[in-house]
Amino acid sequence: MDDIALRFDQVGKSYAGVAALADFSLEVRQGECFGLVGENGAGKTTLVKCMLDFCAADAGSIEIFGVPHTLTAARAQLAFLPERFNPPFYLTGRDFLQYMLELHRAPYDATEVARVFAALELELSALTRLARTYSKGMTQKLGLAACLLSGKALYVFDEPTSGLDPKARALLKRELRELRKARRTLFFTSHALADIGEMCDRMAILHRGQLQFAGTPEELVRKFAAADLEQAFLACIADHAAATA
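Residues numbered from 1 in each chain as written. Predicted model: local features only at pLDDT ≥ 70, side-chain atom pairs only at ≥ 80, totals over all residues. Heavy atoms only, no water.

Engineer: What is the right way to read the packing of aromatic side chains from this model?
Structural biologist: A ring pair, where both rings are aromatic, is described by two values, the distance of the centres and the angle of the planes. Within this structure, the stated rule accounts for seven aromatic pairs. Taking 5.6 Å as the distance between ring centres and 85° as the angle between the ring planes, the aromatic pair formed by Phe8 and Phe24 counts as edge-to-face. Linking Phe8 in strand 1 (residues 4–15) with Phe24 in strand 2 (residues 18–29), this pair joins segments that are 16 residues apart in sequence. The two residues Phe8 and Phe24 agree in class, both being buried. Feature note: the residues Phe8, Phe24, Phe34 and Phe187 constitute an aromatic cluster, connected by ring pairs. (Phe/Tyr/Trp six-rings, centres within 6.5 Å; stacked < 30°, edge-to-face > 60°. Helix = DSSP H or I, 4+ residues; strand = E, 2+ residues; numbered from the N terminus. Buried < 20%, exposed > 50% of the residue type's maximum accessible area, 1.4 Å probe, protein only.)

The structure is reproduced here in structure tokens:
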């Protein structure tokens, strides 16, 4: 039985003749926590948008649990949080959650909502407040709560800790560990290499639209004989720059 949650096969995408992705191939296994890292403009968000069929890839194919990504059914098993998450400003927190859970075909369970809010340290009073009154951190927590409550098999996060303070980041990571224990698949982009090293079974480095490394964080450090993950990342992208100079 195929245990691949995500499969990218020679995916390419260009904007105005400039390649954002070139021959990108990668597999993410079911139950894996996988981190995608790279500089700003490396192509991470473009890859996620192609995966979700928000934009059309110019070349290659993408499968989600073996189903072509262009089919609506492929996305039935995933929950997604974009990097710049902004819920409709006119909805209350409860309205937004009810709407999202209806889209996910999941029940609104007040007890479970209270548990997730407590786990993320989000006040229950936020349920009755309009989204436009939320701080950036509260907004991010609301989006994360909607994903966590969906009960999906795959979670796709674009910079999930954006706007979170250190305590909130630690609380989120605790929730993500629980998802891993439940054998859910996590795929997220991040600029926080410490989080990648701590959380991820495997990681990939995307640089100027090309895959430069895929493996465990420990393998990356060993490959470049680096002192830590940050130094290994710098060595990896420097190695690519030297090769293409």
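Engineer: Could you clarify how one ought to interpret the environment of Ala170 in this entry?
Structural biologist: Locating Ala170 in the fold gives a position in helix 5 (residues 166–181). As for Ala170 and Glu63, which are separated by 107 residues in sequence, their C-alpha atoms are 32 Å apart.

Engineer: Explain the layout of surface pockets to me, please; I cannot follow it from the model alone.
Structural biologist: Vacant regions in the atomic arrangement are exposed by a probe of water-molecule size rolled over the atoms. In this model, the largest pocket occupies a volume close to 450 Å³. If you go around the largest pocket, you meet 18 residues; those closest to its centre are Phe54, Leu78, Phe80, Met100 and His104. The set of elements that each furnish at least two residues to the lining of the largest pocket consists of strand 6 (78–81), helix 2 (93–103) and helix 4 (136–148). For the lining of the largest pocket, a count of residues per class yields 13 nonpolar, two polar and three charged. Here the second largest pocket is characterised by a volume of approximately 200 Å³. Along the walls of the second largest pocket sit 14 residues, with Asn40, Gly41, Lys44, Thr45 and Glu83 positioned nearest its centre. Here the lining of the second largest pocket takes three residues from helix 1 (residues 44–51), the largest share from any one element. Looking at the lining of the second largest pocket residue by residue, the classes come out as one nonpolar, seven polar and six charged. (1 Å grid on protein atoms, 1.4 Å probe; cavity = no way out; pocket = protein on both sides within 12 Å on 5 of 7 lines; lining within 4 Å. Points joined across faces, edges and corners; volume = space filled by probe spheres on them. Nonpolar A, V, L, I, M, F, W, Y, C, P; charged D, E, K, R; others polar.)

Engineer: For this particular structure, what's the right way to read the nonpolar core?
Structural biologist: Nonpolar side chains in soluble globular proteins tend to end up buried together. In terms of nonpolar packing, the biggest core is built from 49 residues, with Leu97, Phe117, Phe157, Met203, Ile205 and Leu220 touching the most fellow members. Ranked by the residues each element gives to this core, the list is headed by helix 4, at seven residues. With residues near it in sequence (within four places) discarded, Phe117 still touches Leu97, Leu122, Glu123, Leu124, Ala126, Leu127, Leu142 and Ala145. In this structure, Phe34, Leu36, Ala74 and Ala204 belong to the second largest nonpolar core, which totals 26 residues. (Core = buried A, V, L, I, M, F, W, Y, C linked by side-chain atoms within 4.5 Å. Contact = heavy atoms within 4.5 Å.)

Engineer: Mind showing me how you'd approach the pairing of strand 4 (residues 59–64) here?
Structural biologist: Each regular strand displays side chains that alternate between the two surfaces of the sheet. The sheet contact formed by strand 1 and strand 4 spans five bridges and is antiparallel. Across the sheet, residue Arg7 finds its bridge partner in strand 4, namely Glu63. Summarising the sheet, strand 4 and strand 5 (residues 67–68) pair through two bridges and their orientation is antiparallel. For Glu63, the partnering residue across the bridge sits in strand 5 and is Pro68. (Pairing = 2+ DSSP bridges.)

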